[in-house]
Each structure stands twice: as structure tokens, then as C-alpha cells.
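Chains, contacts and geometry: an overview
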Amino acid sequence: MKKVFIIVLILAALAFAVVSYFLNKKTDLVVEDPAEYAFTVNEFVEEGLNGNDSIFNTKYVGKVIEIKGEIKALNKDHQNPSLQLDTNDESVVVNAAFDKSIYEKIDKRSEGEEVSLTCICNGLSLPEDPDDLLSETIFTFNRCNINEFQ
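Residues numbered from 1 in each chain as written. Predicted model: local features only at pLDDT ≥ 70, side-chain atom pairs only at ≥ 80, totals over all residues. Heavy atoms only, no water.

**Some remarks on the packing of aromatic side chains**
Tallied over the entire structure, the rule returns 10 aromatic pairs. Both rings, one in Phe44 and one in Phe141, keep their centres 5.4 Å apart while their planes meet at 45 degrees; by these two values the pair is tilted. Here the residue Phe44 occupies a position in helix 2 (residues 41–50), and Phe141 occupies one in strand 6 (residues 137–147), the gap between them amounting to 97 residues. Like Phe44, the residue Phe141 is buried in the burial classification. Through pairs of rings, three or more aromatic residues link up here, namely Tyr37, Phe39, Phe44, Phe56, Tyr60, Phe139 and Phe141. (Phe/Tyr/Trp six-rings, centres within 6.5 Å; stacked < 30°, edge-to-face > 60°. Helix = DSSP H or I, 4+ residues; strand = E, 2+ residues; numbered from the N terminus. Buried < 20%, exposed > 50% of the residue type's maximum accessible area, 1.4 Å probe, protein only.)

Here's what the structure looks like:
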């Protein structure tokens, strides 16, 4: 009987340790790592448009980027908050997606406000037909976090 009690006690302690580990595990939904590159939105767009898109994507996709710019549009959806940065070019869109866990930071922002973001770069998507006047060049970021200005 004493052996069974010890085994149950050991299993309970092991289960407690596993549950504690997963509850305290850092989330990967928001970038908290330091940026590998820092740009203003216009510098980033210029580099993407003036170079080869595959070289650009190879260099930046999956990397942590700090990007600064003015908010052009906000999507304050509780489940999928996002924003667009102003690029001074109607044919270029810079989208930044956020996790719902930082919705309160998004809710405090407004269009026209300067913002600094740290995000994972998803890359550059060029239009299929560069001569199409309605096509857009799209830069996308995810797992974004809003940096507080010092």
C-alpha cells in the first residue's frame, strides 16, 4: 500500500510539473525579440521596389524587422487586429497583423499617428501584371508588437 501511495505521489508531482511548464511557456504570438533590421516604412518599400524581389524576400522573410511610419488605416477587430502604414504611394500596401492578445495597444491608436512596430516580415508580393494600373505591391508583416516611443 505504501508503494502505491509513493507512485501516485510521484505521478501527481510529474503531472503538476508538466502542467506548470505549459501554462508558463512563452507565447509565440507576438514578437518580443530584438529587431535584426530597422527601417522607416519608405526606406523599406524603396529597397523592396528597387531590387530583385526574390533577393529581397530571401534577405528579410522570417526576420524580425522594426518599421516606423504613419498609420494609414486601422482594423480594430477584436480577433484579428491589423493596420496599414502610409507609403505615399497608392499602389503600395504595407500590412501589419497583430495577435488579439495586444488588442488594447491597437485600440489606443488612431489613423495619422506615428507608430513603431516590431514584426516578422512575410515578404513582398509584386503584381502579376506590372502594367495593370489597379494592381498593388504588398508588403506583409505578422506577429507584430507596438513599440512605445522613448
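**A word on the pairing of strand 4 (residues 92–98)**
On a regular strand, each side chain points to the face opposite its neighbour's, so the side chains alternate between the two faces of the sheet. Most of strand 4 sits inside the fold, with 5 of its 7 residues counted as buried. Hairpin connection of strand 3 (residues 82–85) to strand 4: 6 residues between the antiparallel strands, including Asn88 at a positive phi of 60 degrees. Where strand 4 lies against strand 6, 6 bridges are found, and the strand directions are parallel. When the bridges of strand 6 are listed, Val94 appears paired with Phe139. (Pairing = 2+ DSSP bridges.)

**Considering the pairing of strand 6**
Inspection of the sheet shows strand 5 (residues 114–125) paired to strand 6 by 8 bridges, in the antiparallel sense. Its bridge partner lying in strand 6, Leu124 is registered against Phe139.

**Concerning unusual backbone geometry**
With phi around 60 degrees, Asn88 is a residue other than glycine that occupies positive phi space. Note on placement: Asn88 falls in the loop between strand 3 and strand 4. Phi is positive for Arg143, which is not a glycine, with a value near 55 degrees. Its place among the elements puts Arg143 in strand 6.

**Structural notes on helix 3 (residues 53–60)**
Taken residue by residue, helix 3 has Phe56, Asn57 and Tyr60 as its buried positions. Projected down its long axis, helix 3 shows its buried positions confined to an angular sector of 95 degrees, all on one face. In helix 3, the exposed positions that point more than 90 degrees away from the buried face belong to Ile55 and Thr58. Buried-residue contacts for helix 3 involve strand 1 (37–40), helix 2, strand 2 (64–75), strand 5 and strand 6. Taken from the residues just after helix 3, Gly62 is the one with a positive phi, measuring 85 degrees. (Arc of directions from axis to C-beta. Contact = heavy atoms within 4.5 Å.)

**Topic: the packing of helix 2 against helix 3**
Following both chains from N to C, one finds helix 2 and helix 3 inclined at 135 degrees, their axes separated by 7 Å at the closest point. Relative to helix 3, helix 2 is oriented oblique. Two secondary-structure elements touch here, helix 2 through Phe44, Glu47 and Gly48 and helix 3 through Phe56, Lys59 and Tyr60. Class assignment for the residues of the contact of helix 2 with helix 3 results in 3 nonpolar, 1 polar and 2 charged. (Axes fitted to C-alpha atoms, helices over the stretch in contact; angles between N-to-C directions. Parallel < 35°, antiparallel > 145°, perpendicular 65-115°, else oblique. Nonpolar A, V, L, I, M, F, W, Y, C, P; charged D, E, K, R; others polar.)

**Thoughts on the pattern of salt bridges**
Applying the stated criterion to the full structure yields 5 salt bridges. The salt bridge partner of Lys72 is Glu90, with a shortest N-O separation of 3.7 Å. Here Lys72 is found in strand 2, whereas its partner Glu90 is found in the loop between strand 3 and strand 4, with 18 residues between them in sequence. With relative accessibility at 65%, the residue Glu90 sits in the exposed group. Put simply, Asp107 and Lys76 hold a salt bridge, and the shortest N to O gap is 3.9 Å. (Salt bridge = Lys/Arg side-chain N within 4 Å of Asp/Glu carboxyl O.)

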